Amino acid sequence: MADWGPVVIATVLFVLITPGLLCQIPGNGRHVGFCNMETSGLAILVHTIIFFVLIVIFLIAIGVHIYIG
């Protein structure tokens, strides 16, 4: 039985935290930009740090496991 927890959590977080898709922190000219499909190097760095923190919380601190089969 394979543990699909890390795969599912990482994929969902990647889609939701992609800069410019749903929101962008910091936005272009604002603190937060919504659905603008534009990005900057600083926004990529901020979203990378947010992704890392959330993946550590979900996989290491909470220990999400999904077994299929």
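Reading the values: the criteria
- Residues numbered from 1 in each chain as written.
- Predicted model: local features only at pLDDT ≥ 70, side-chain atom pairs only at ≥ 80, totals over all residues.
- Heavy atoms only, no water.
- UniProt positions renumbered as here; feature names shortened; annotations may be inferred.
- Helix = DSSP H or I, 4+ residues; strand = E, 2+ residues; numbered from the N terminus.
- Axes fitted to C-alpha atoms, helices over the stretch in contact; angles between N-to-C directions.
- Parallel < 35°, antiparallel > 145°, perpendicular 65-115°, else oblique.
- Left-handed = near helix turned anticlockwise from the far one by under 90°.
- Contact = heavy atoms within 4.5 Å.
- Nonpolar A, V, L, I, M, F, W, Y, C, P; charged D, E, K, R; others polar.

UniProt marks residues 1–23 with the feature "signal peptide" (unreviewed entry), using the numbering shown here. Across residues 1–23, the secondary structure splits into 57% helix and 13% strand, with the terminal C-alpha atoms separated by 36 Å.

With that settled, the discussion passes to the packing of helix α1 (residues 5–17) against helix α2 (residues 41–62). In the contact formed by α1 and α2, the axes pass within 10 Å of each other and the chain directions differ by 150 degrees. When the axis of α1 is compared with that of α2, the two are roughly antiparallel. For α1 against α2, the interelement crossing comes out right-handed. Facing Gly5, Pro6, Ile9, Ala10, Leu13, Phe14 and Ile17 of α1, the residues of α2 in contact are His47, Ile50, Phe51, Leu54, Ile55, Phe58 and Leu59. Split into classes, the residues belonging to the contact of α1 with α2 amount to twelve nonpolar, two polar and no charged.

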